[in-house]
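Structural overview
Listed below are the residues making up each chain.
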Amino acid sequence: MNDDVILDNPVQCYLDETRSLISYIRKSPEEYYSILRTLSMTKDNSHMMGYESVYKLYKALEDVYKALCDDKLSFSKNLKTLINLVLDKLVFFCEMIDSGSTEDMENENIKPYLLYCDKAVAGEIFEPKHLLKLTKSIPKTKKRRKAPAKKIDKEQKDEILKISSLKIARNITIHEEMIARSYIINNQVSMLKAAIADNDMRGIKEACKLLANDTQNLQNSLRMSHENLVNLMQDDTFLINHQDHHGFFVTANDSKYMIPSEYIYDVICESPLNYEVVQNQKVTNYVIESETGIKEDAEIEQIPVYSLSSLFPDQKAKSLNVLDTILIVDYQTQRIGIIVDSVQKFVSVIKKNMPPAFAKFKAVSGLVFDEKYDMIPILNIPEIMRRFRSLRGYDVKKFEAITKKHINKILIVDDSSTTRQIEHTILMANNFNVDEAGDGIDAIEKMKHKQFDLILCDDDMPRMDGKIFLDNVRRMENYKNVPVVVMADTPLEKADAFVSKADFSREKLINTIKRMLKDE
Amino acid sequence: MVDMSENTALPENTNKAQIEKLYNGNDSSYLIFSIHSKRYALKSTMIQEIMYDMRIHVIPFTPNYIEGVLNCRGVPYTVINVLKLDNAEESEIAEKVFLLFKRDDDQFCIHISNIEVFFEPEEDDIFEDKIKYKLKYIPLFDVDRLEDAMCRDLGKEE
């Protein structure tokens, strides 16, 4: 009992001393000389107490401070981070000593810390970020002991996955190179021995020079390989960073984006003329086929559609597509259609993280490379959907006004339903909005309710022929200047253009109409 | 227990000078660069790389001073137009010169007009916020404010 009390006191005393030193170094890390003096004492005490891991860490820190005192090392930001990381580890050890888990201390991996301190002392470039990752990924001893068996299994599986990685393959190459180099060194040692035996000073010098050179190279390779292995073992994000990401490269507003396939339900094409407006929202009628495959059983779902370009501030006006490409995306219970200018291709690519400043930026989740080595942003669809929802009706109208080209409305006036159908098909295919009338009276009735941009009429019609129809049109205030194209056997006096039925061609008709509408 | 107070016996001046030297490293050269007609100075050790004629890949929904990202051997660097950040009237930069900063916490660069000169000023010509070059004072470029601005603006909820 008494022995316990005696033993407890030095432990507490040692802990007070080491904690005091840690807080002092944190507070004034540049007080090299005073830190060095205390470091040496605490280091020796750690050895005496049997805390070998703590001793090694203090020894490494002592070397760093010795180098700082001797002006062999500069106190940089990286070095400060490294020192703080070593101190964090020491604090962790103090907690272990405090809780009586000293047995577990020796199982803790402190080699990376020692290696990084060595690197610092040697004046090598080092990146404490890797060590930072390491400190985050090291599970605390207590937690590890309490972890359920399943979790351990998962960790073991991860190790296997990591071993199959390319990084390991690269290390194997380095190791093969090192083995080859060790054989060369062996040969050089034999040469040196022979030179010493012959008392050949020139040979000794030569062999020493070669030996020094190759040993240095071997050391460099070893360090590199060790660092790679440490990074690999500790870099939990390695596999995540190398996962394939699938999706579509799409264009909108002359820029390319990637939409991840995990959100894409379907890709469809739809004529802009087929959209409906429900509660001020443009919707498309999406046909969901039934399980039976019978057309009549198919369900129609009205899905709101938004143009991706409408989200960007500098929308560019463009000619209207005959068919829009729509990506039907869904997230949670919401489904919307995103209209894009084009879908380029389906890709399977490796994602690159955005620079750290974008950590809280939600609209873009990363970058991928295309075949031109351009960086393509990956759109974060939940955020894009949120942005679409927050678009006000006014914004949508404004966007449509900017980007939507005016669709010319043409009225076909002909008593032959076949002729009307042919003309209708030709005009529709050329992006015109087409209405039909069977004769002049029917046409005038329609013209009262709708403003057409051009009239295409026949001459010989029942009830009201072309000539009388044209007289009536010119008397209508809103149709005085609307071009009338006559497609008949003979031209009409008041018509603006004439297309002969005798030598009719699609091109001639379309060119005449475009010329009249100044749409060439 | 160790008494720390007795260990701080170094002469104050010596210590400061030593720390200053250690902090600044061995490379005491500065880079002078220009954005339009305005010149700035930056310690060479803060520069990762200078890149020319790089294509900027636009990132949507970012503030206008973030021109996009450039591809530095597979690593994206945010491109910042300082003139746009400061709401300057003439903010477009015709030249494609990019100054990449050496930082542990982020990857970003600024769009500049020209690299003027690398030079090593005399100790007396270095001030807290400027350096003296050919009888003119050149302000030191504040890199940290860019990082602050980006973190502030990119973290915003709309």
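Since this is a predicted model, take the numbers as computed values, not measurements.

Residues and elements named next belong to chain A. Between helix α4 (residues 77-98) and helix α6 (residues 111-121), the least distance of the axes is 11 Å, while the angle of their chain directions is 150°. In terms of axis orientation, α4 runs roughly antiparallel to α6. In the crossing of α4 with α6, the sense of the turn from one axis to the other is left-handed. Along its contact with α4, which presents Leu79, Leu82, Val86 and Lys89, the element α6 presents Tyr113, Tyr116, Cys117 and Ala120. Among the residues making up the contact of α4 with α6, the classes are represented as 7 nonpolar, no polar and 1 charged.

As a further point, take unusual backbone geometry. All names here are of chain A. Phi is positive for Asp71, which is not a glycine, with a value near 65°. In this fold, Asp71 is placed in the loop between α3 (52-69) and α4. Residue classification places Asp71 among the exposed positions, given that 11 C-beta atoms sit within 10 Å. For Asn199, which is not glycine, the phi torsion reads 55° and is therefore positive. Turning to its location among the elements, Asn199 is positioned in the loop between α10 (166-198) and α11 (201-234). Residue class for Asn199 comes out exposed when judged on the 8 C-beta atoms lying within 10 Å of it.

Before going further, it helps to spend a moment on the nonpolar core. Within the largest apolar cluster, 66 residues are counted, with the highest numbers of intra-cluster contacts made by Met258, Ile338 and Leu379 of chain A together with Ala41, Ile80, Phe108 and Cys109 of chain B. Here this core takes 5 residues from strand β7 (residues 97-101) of chain B, the largest share from any one element. When near neighbours in sequence (up to four residues on either side) are disregarded, Ile80 of chain B contacts Tyr65, Ile66, Leu85, Phe108, Ile110, His111 and Leu146 of chain B. Counting 29 residues, the second-largest nonpolar core is a separate cluster that includes Leu21, Ile35, Leu39 and Tyr58 of chain A.

This brings us to the interface of chain B and chain A. On the side of chain A, 34 residues touch chain B, which itself brings 31 residues to the contact. Secondary structure elements with two or more residues in the side of chain B that touches chain A: α1 (12-24), β5 (66-72), β6 (75-80) and α3 (144-154) of chain B. Broken down by element, the side of chain B that touches chain A gets its largest block of residues, 4 residues, from α3 of chain B. Partitioned by chemical class, the residues of the side of chain B that touches chain A number 18 nonpolar, 8 polar and 5 charged.

The next thing to look at is α6 of chain A. All names here are of chain A. Of the positions making up α6, those classed as buried are Pro112, Tyr113, Tyr116, Cys117 and Ala120. With its buried residues spanning 135° around the axis, α6 presents them on a single face. Positive phi appears at Gly123, one or two residues downstream of α6, with a value of about 80°.

What follows deals with the packing of helix α2 (residues 32-49) of chain A against α3 of chain A. Residue and element names in this part refer to chain A. At a minimum axis separation of 9 Å, α2 and α3 run at an interaxial angle of 160°. Relative to α3, α2 is oriented roughly antiparallel. Crossing geometry of α2 relative to α3 is assigned as left-handed. The segment α2 lies against α3, with Tyr32, Tyr33, Ile35, Leu36, Leu39, Ser40, Thr42, Lys43, Ser46 and His47 engaging Val54, Tyr55, Tyr58, Lys59, Leu61, Glu62, Tyr65, Lys66, Leu68 and Cys69. In terms of residue class, the contact of α2 with α3 is made up of 12 nonpolar, 4 polar and 4 charged.

The next thing to look at is the confidence of the model for chain B. Residues of chain B with pLDDT of at least 70 account for 81%, and the chain-wide mean is 84. Low pLDDT, under 50, characterises residues 1-14 of chain B; the stretch is placed with 17 contacts to residues that sit more than four places away or in other chains.

Attention now goes to the sheet that holds strand β8 (residues 108-112) of chain B. Residues and elements named next belong to chain B. Ordered by their spatial adjacency, 6 strands build an open sheet running β3-β7-β8-β6-β5-β4, and the pairing between neighbours is mixed. The sheet is open, and its two borders are formed by β3 (47-52) and β4 (56-57), each paired with just one other strand. Sheet analysis places β4 next to β5, joined by 2 bridges and oriented antiparallel. Residue His57 lies in a different strand from β5, and its bridge partner there is Val69.

Residues and elements named next belong to chain A. Spanning 22 residues, α4 covers 31 Å between terminal C-alpha atoms, matching the ideal 32 Å at 1.5 Å per step. Those residues of α4 that sit buried are Leu79, Leu82, Ile83, Val86, Lys89, Leu90, Phe93 and Met96. Buried residues along α4 cover an arc of 125° about the axis, so they all sit on one side.

All names here are of chain B. Topologically, Tyr65 is positioned in the loop between β4 and β5. Linking Tyr65 and Ser91, residues 26 residues apart in sequence, is a C-alpha distance of 9.3 Å. With residues up to four places along the chain from it excluded, the contact list for Tyr65 reads Ile80, Asn81, Lys84 and Leu85.

This part is about the sheet that holds strand β6 (residues 299-307) of chain A. Residue and element names in this part refer to chain A. Read from one edge of the open sheet, 6 strands run β3-β7-β8-β6-β5-β4, paired in mixed fashion. Two strands lie at the open edges of the sheet, namely β3 (264-270) and β4 (276-278), each paired on one side alone. When the angles between neighbouring strand axes are averaged without regard to direction, this sheet yields 40°. Inspection of the sheet shows strand β7 (residues 324-331) paired to strand β8 (residues 334-340) by 7 bridges, in the antiparallel sense. Pairing of Asp330 across the sheet is with Arg335, part of β8. Where helix α13 (residues 381-389) meets the sheet, it contacts β6, β7 and β8, and its direction lies at approximately 110° from that of β7.

Moving on, we get to the environment of Ala363 of chain A. One can find Ala363 of chain A in the loop between β9 (342-350) and β10 (364-369). When the C-alpha positions of Ala363 of chain A and Arg387 of chain A are compared, they lie 9.0 Å apart, and in sequence the two are 24 residues distant. Those residues in contact with Ala363 of chain A that lie beyond four places of it in its chain are Asn380, Glu383 and Ile384 of chain A together with Pro60 and Phe61 of chain B.

Cut-offs used in this document
Residues numbered from 1 in each chain as written. Chains lettered and ligands numbered in written order. Predicted model: local features only at pLDDT ≥ 70, side-chain atom pairs only at ≥ 80, totals over all residues. Axes fitted to C-alpha atoms, helices over the stretch in contact; angles between N-to-C directions. Helix = DSSP H or I, 4+ residues; strand = E, 2+ residues; numbered from the N terminus. Parallel < 35°, antiparallel > 145°, perpendicular 65-115°, else oblique. Left-handed = near helix turned anticlockwise from the far one by under 90°. Contact = placed C-beta atoms within 7 Å. Nonpolar A, V, L, I, M, F, W, Y, C, P; charged D, E, K, R; others polar. Buried ≥ 20, exposed ≤ 12 C-beta atoms within 10 Å, placed from the backbone. Core = buried A, V, L, I, M, F, W, Y, C linked by C-beta atoms within 7 Å. Arc of directions from axis to C-beta. pLDDT = per-residue confidence, 0-100. Pairing = 2+ DSSP bridges. Expected span 1.5 Å × (residues − 1).

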